[in-house]
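# Geometric and topological summary
Residues per chain, in single letters:
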Amino acid sequence: MIAATLLCGSHAALAVEPGGEFSIATLNVDGLPQKILMVKVNANGPGDEGTARIGKYLAGKGYDLVMMQEDFNFHGVLSVWLEDDYSMDEWSGDVGLDGHKIDFLHLQNHRFVCDGLMGCWKKDLQVTPAARTAWTANFGKFCHAMDEMVTKGYRRYDVTLRDGTAIVVYNMHMDATASDDEADGKGTPDHEARMAQWAQLKADVETLMDSRPIIIVGDMNTLYGRDDVRGEFIEAINATGRATAADVWVELKQGGVYPTAKTEAEAGEETFDKILYINPSDGAKIVPVSFTIDRDGYLRDGKPLGDHWPVAAKFRVASRDAVGISATLNDKEAEDEVIYNMNGQRVEQPRGGVYIKNGNKTVIR
């Protein structure tokens, strides 16, 4: 339950009806085959048994929107657990020899035409897959995490929530940096490919931006300390004046402070899988109310079932005309009162603080 307060340019705080709530999760299901012929490809992957456990996990969690990456060779095992409650996007195919035309004399030119991206949504939501786009830049064919072997990219969805609010959701998978390349200081080409992908995404977002809030999720293989996503994407969108962008984990768990880790070993609680959101200056607003790195029920031999831990967030739809919202969260994610500005962004403001607009003061109780 959420108690919401509208902070107006007056001495009184006016109550507003809470908007609809919805949840979204993103996870890399690690669906590459364990081997092709006698060649080990993903020997430690979940395979049939582990993928079935991922499907059962998702069915039990009941997230409203689920965005997955690397849904390749075990799609049937995964989807059977979800088909009763969820509608699903079109599967792009698997990675392997069957059903694929492969020129073994020129393997350097081969690319599997599948992105591994899969969107699922509860059947009472209205969702239209709007676009499926490949990255224009990649790096690594038989090295550097072999990102050029599949058609990585992003998918965009038009979503109408239960309360009628329209939003846009992006699901993506960006280029990786292999741990040995990172350790050897050879990650620069991967970094450059990722930043080109962030630039491509930013261009798409700004070109198509309208009055709908936007959520961007996926396995971004990004750490804020090694990829300048804050400057080149988040702050660049904020600088347009058309919208405000933010990272849910940074807001709710980091107090707005972006981490500086440059390697996965140093990252701590920062994950490659992120949930960003963008609120248009003129339009509906969404407010994040919780963020979870969801380890509950996702273990296999002490490690994640898939490539990484799932991450999930819950959002609330705010009033289109809200100047500021004070939300007291009564769940395990809440530690204190959270204040949001007119664009739905969290601001650090203690209880008993003063909100000032146009010279008028409102005490935040």
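Attention in this report is confined to the structure presented alongside it. (Residues numbered from 1 in each chain as written. Predicted model: local features only at pLDDT ≥ 70, side-chain atom pairs only at ≥ 80, totals over all residues. Heavy atoms only, no water.)

## Topic: the pairing of strand S15 (residues 285-293)
The element S15 is largely enclosed, with a buried count of eight among its nine residues. By the bridge criterion, eight bridges tie S15 to strand S18 (residues 311-318) in an arrangement that is antiparallel. Of the residues in S18, the one forming a bridge with isoleucine 293 is valine 311. (Buried < 20%, exposed > 50% of the residue type's maximum accessible area, 1.4 Å probe, protein only. Helix = DSSP H or I, 4+ residues; strand = E, 2+ residues; numbered from the N terminus. Pairing = 2+ DSSP bridges.)

## Some details on the pattern of salt bridges
Evaluation of the coordinates by the stated rule reveals 17 salt bridges. The salt bridge involving aspartate 115 is made with arginine 155; its shortest N-O contact spans 3.0 Å. Here aspartate 115, found in the loop between strand S7 (86-88) and strand S8 (118-122), pairs with arginine 155, found in strand S10 (residues 153-160); they are 40 residues apart in sequence, far enough to count as distant. We classify aspartate 115 as buried; its relative accessible area is 4%. A residue is classified by how much of its surface remains accessible, and arginine 155, at 2% relative accessible area, is buried. Measuring nitrogen to oxygen at the nearest pair gives 2.7 Å for the salt bridge that ties aspartate 124 to arginine 162. Pair noted here: aspartate 124 is in the loop between S8 and strand S9 (126-134) and arginine 162 is in the loop between S10 and strand S11 (166-173), with a separation of 38 residues, a long-range link. (Salt bridge = Lys/Arg side-chain N within 4 Å of Asp/Glu carboxyl O.)

## Quick notes on the sheet that holds strand S12 (residues 214-219)
Backbone hydrogen bonds are what pair the strands of a sheet, in a parallel or an antiparallel way. Within the open sheet, the six strands sit side by side as S9-S10-S11-S12-S14-S13. Their pairing is mixed. The open sheet is flanked by S9 and strand S13 (243-247), the only strands paired with a single partner. Within the sheet, the average angular offset between the axes of one strand and its neighbour, ignoring direction, is 20 degrees. With five bridges connecting them, S13 and strand S14 (residues 273-280) associate as antiparallel partners. When the sheet's bridge partners are listed, aspartate 247 is paired in S14 with leucine 276. Of the strands in this sheet, S9, S10, S11, S12 and S14 are in contact with helix H4 (residues 188-208), which crosses S11 at around 165 degrees. Relative to the sheet, helix H5 (residues 229-239) contacts S12, S13 and S14, its axis offset from that of S13 by approximately 155 degrees. (Axes fitted to C-alpha atoms, helices over the stretch in contact; angles between N-to-C directions. Contact = heavy atoms within 4.5 Å.)

## What to know about the packing of aromatic side chains
Under the criterion given, the structure shown has eight aromatic pairs. Taking 5.8 Å as the distance between ring centres and 70 degrees as the angle between the ring planes, the aromatic pair formed by tyrosine 277 and phenylalanine 315 counts as edge-to-face. With tyrosine 277 in strand S14 and phenylalanine 315 in strand S18, the pair connects residues that are 38 residues apart, well separated along the chain. For the pair formed by tyrosine 277 and phenylalanine 315, the shared burial category is buried. Among the aromatic side chains, those forming a connected cluster through ring pairs are Phe22, Tyr277 and Phe315. (Phe/Tyr/Trp six-rings, centres within 6.5 Å; stacked < 30°, edge-to-face > 60°.)

## Re the pairing of S13
By the criterion of burial, S13 is predominantly enclosed, with five of the five residues buried. Side chains of S13 alternate between two faces, with Ala243, Ala245 and Asp247 and Thr244 and Ala246 buried alike.

## Comments concerning H5
Among all positions of H5, only Val229, Phe233, Ile234 and Ile237 are buried. Projected down its long axis, H5 shows its buried positions confined to an angular sector of 75 degrees, all on one face. Taken together, the buried residues of H5 touch H4, S12, S13 and S14. Glycine 241, located one to two residues past H5, shows a positive phi value of around 80 degrees. (Arc of directions from axis to C-beta.)

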